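Observations on the model geometry
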Amino acid sequence: LGSKLTGHLKPRYVRVNTLKMDVDSAVQELEKHYTVQKDETIPDLLVLPPGSDLHAHRLVANGRIFLQGKASSMVAAALQPEAGWVVLDACSAPGNKTIHLAALMEGQGKIIACELNEERVKRLEHTIKLSGASNIEVCHGDFLGLNPKDPSFAKIRAILLDPSCSGSGTITDRLDHLLPSHSEDNNMNYDSMRLHKLAVFQKKALAHALSFPKVERVVYSTCSIHQIENEDVVSSVLPLASSLGFKLATPFPQWQRRGLPVFAGSEHLLRMDPVEDKEGFFIALFVRENKVDNPKS
Ligand code: SAM
């Protein structure tokens, strides 16, 4: 398993920005130079052969298509926001999933895009501008500092939480970490401390997302392969989630690879494998059927 080889075999995915262009028109344009297929899971995603270089393509430069991977494109789709909803993207830069939300909501309703890092806020603003979305409000700050009781968040019905993670699933070079190596012992303490710190933040952020009063759907995602950032984060919030009326739902039920079997219900979770699916990724979906003001007894 060479990382270069794995990277090379990865198809090039492009997501059509349906705020600016419909999928069939994008296919027609791209077919002039590439072999193009529609993705079987995500309707606005197109699959091109590995190595297709579109960085300088006109449709990329004018924001009609975005170079966004399959796993990343599954996150906003799993949330299924409806046109007209108020939706919060908790950790949003550089904004790929934020603008996907805007497209799924057909430009209607409102998206609050929160981002802590000032430099990354600029990238977020650039992505939003390029997308043409006009219903995204950028909030530069700490998601954990947002007060769920603040009236400006009272109408939030869905939250996308894609927090900082180890990135162990996406960077092809890091696939080398899956193989035993002589430096493994040296890296182990550093890696496990870093993972622990990330997991502490991820658990806090997920618990915080669930605490917004009107939220009905929460997606938690990472591009990590580590259980500590994935199944363990989800299982740690289950008692809180259940006390608030949330259940784990099954995003993309037809998808075969589910969560590691480490707790009852982990079959609802979705995993992508860094080798077989060419990208390591994790998605959990919490759904509250009974609204807070009408709780089941
Ligand atoms: N969802 C983004 C996308 O698809 O383009 C990628 C998000 S990236 C995995 C995580 C982001 O969360 C980073 O930009 C990071 O700066 C931001 N972040 C980390 N801690 C945060 C916090 N406490 N509040 C808000 N944003 C935070």
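Residues numbered from 1 in each chain as written. Predicted model: local features only at pLDDT ≥ 70, side-chain atom pairs only at ≥ 80, totals over all residues.

Turning to helix α4 (residues 70-79), a few remarks are in order. Within α4, 10 of the 10 residues are buried, leaving the element largely enclosed by the surrounding structure. Residues of α4 that are buried include every one of K70, A71, S72, S73, M74, V75, A76, A77, A78 and L79, and no others. Directly after α4, the chain includes Q80, whose backbone phi takes a positive value near 50 degrees. (Buried ≥ 20, exposed ≤ 12 C-beta atoms within 10 Å, placed from the backbone. Helix = DSSP H or I, 4+ residues; strand = E, 2+ residues; numbered from the N terminus.)

What follows deals with the site of the ligand. Around the ligand sit 19 residues in total, of which C91, N96, L116, F143 and D162 are the nearest. For the shell around the ligand, the secondary-structure elements that each account for two or more residues are α5 (96-104) and β6 (110-115). (Near = placed C-beta within 6 Å.)

Below, the discussion takes up the domain arrangement of the protein chain. Domains assigned within the protein chain are domain 1 (3-66) and domain 2 (70-288). For domain 1 versus domain 2, the distance between C-alpha centres works out to 23 Å. Every contact between the two is made by 18 residues of domain 1 and, on the other side, 21 residues of domain 2. Counting only elements with at least two residues in the side of domain 1 that touches domain 2, the list comes to α1 (3-9) and β1 (12-16). With four residues, the top contributor of residues to the side of domain 1 that touches domain 2 is α1. Split by residue class, the side of domain 1 that touches domain 2 holds six nonpolar, seven polar and five charged. (Domains from an automatic or database assignment. Contact = placed C-beta atoms within 7 Å. Nonpolar A, V, L, I, M, F, W, Y, C, P; charged D, E, K, R; others polar.)

Glancing now at the UniProt feature "binding site: S-adenosyl-L-methionine" (unreviewed entry) in the protein chain. The UniProt entry lists C91, S92, A93, P94, G95, N96, K97, E115, D142 and D162 under the feature "binding site: S-adenosyl-L-methionine" (unreviewed entry), expressed in the numbering used here. Mapped onto the fold, C91 is located in the loop between β5 (86-89) and α5. Not counting residues within four places of it along the chain, the set of residues in contact with C91 comprises C114, E115, F143, L161, D162, P163 and S164. Here S92 shows up in the loop between β5 and α5. For S92, a count of 29 C-beta atoms within 10 Å translates into the label buried. Every residue in contact with S92, bar those within four places of it in the chain, is listed here: T98, A113, C114, E115 and L124. (UniProt positions renumbered as here; feature names shortened; annotations may be inferred.)

This part takes up the environment of I65. Here I65 is to be found in strand β4 (residues 65-66). By the C-beta count within 10 Å, which is 24 here, I65 ends up buried. Measuring from C-alpha to C-alpha, the distance between I65 and C114 comes to 23 Å, with 49 residues separating the pair along the chain. Discounting residues that sit within four places of it in the chain, I65 has contacts with V14, R15, V16, N17, A26, L59 and V60.

Within a regular strand, side chains alternate between the sheet's two faces. Extensive coverage of β6 is indicated by the burial of five of its six residues. Bridge analysis of β5 against β6 gives four bridges, and the strand direction is parallel. Across the sheet, the residue bridging to L88 is I112, located in β6. Read from β5 through α5 to β6, the crossover connection turns out right-handed. As paired strands, β6 and strand β7 (residues 136-140) are joined by five bridges and run parallel to one another. Of the residues in β7, the one forming a bridge with E115 is H140. Running through helix α6 (residues 118-131), the crossover from β6 to the neighbouring parallel element β7 is right-handed. (Pairing = 2+ DSSP bridges. Right-handed = clockwise from strand over helix to strand, strands pointing away.)

Each turn of an α-helix holds 3.6 residues, which means side chains three or four residues apart point in the same direction. Compared with an ideal rise of 1.5 Å per residue, which puts 13 residues at 18 Å, helix α8 (residues 231-243) spans 19 Å between its outermost C-alpha atoms and is within 8% of the ideal. Those residues of α8 that fall on the buried side of the exposure criterion are E231, V233, V234, S235, V237 and A241. Count one or two residues on from α8 and you reach G245, which has phi positive near 90 degrees. (Expected span 1.5 Å × (residues − 1).)

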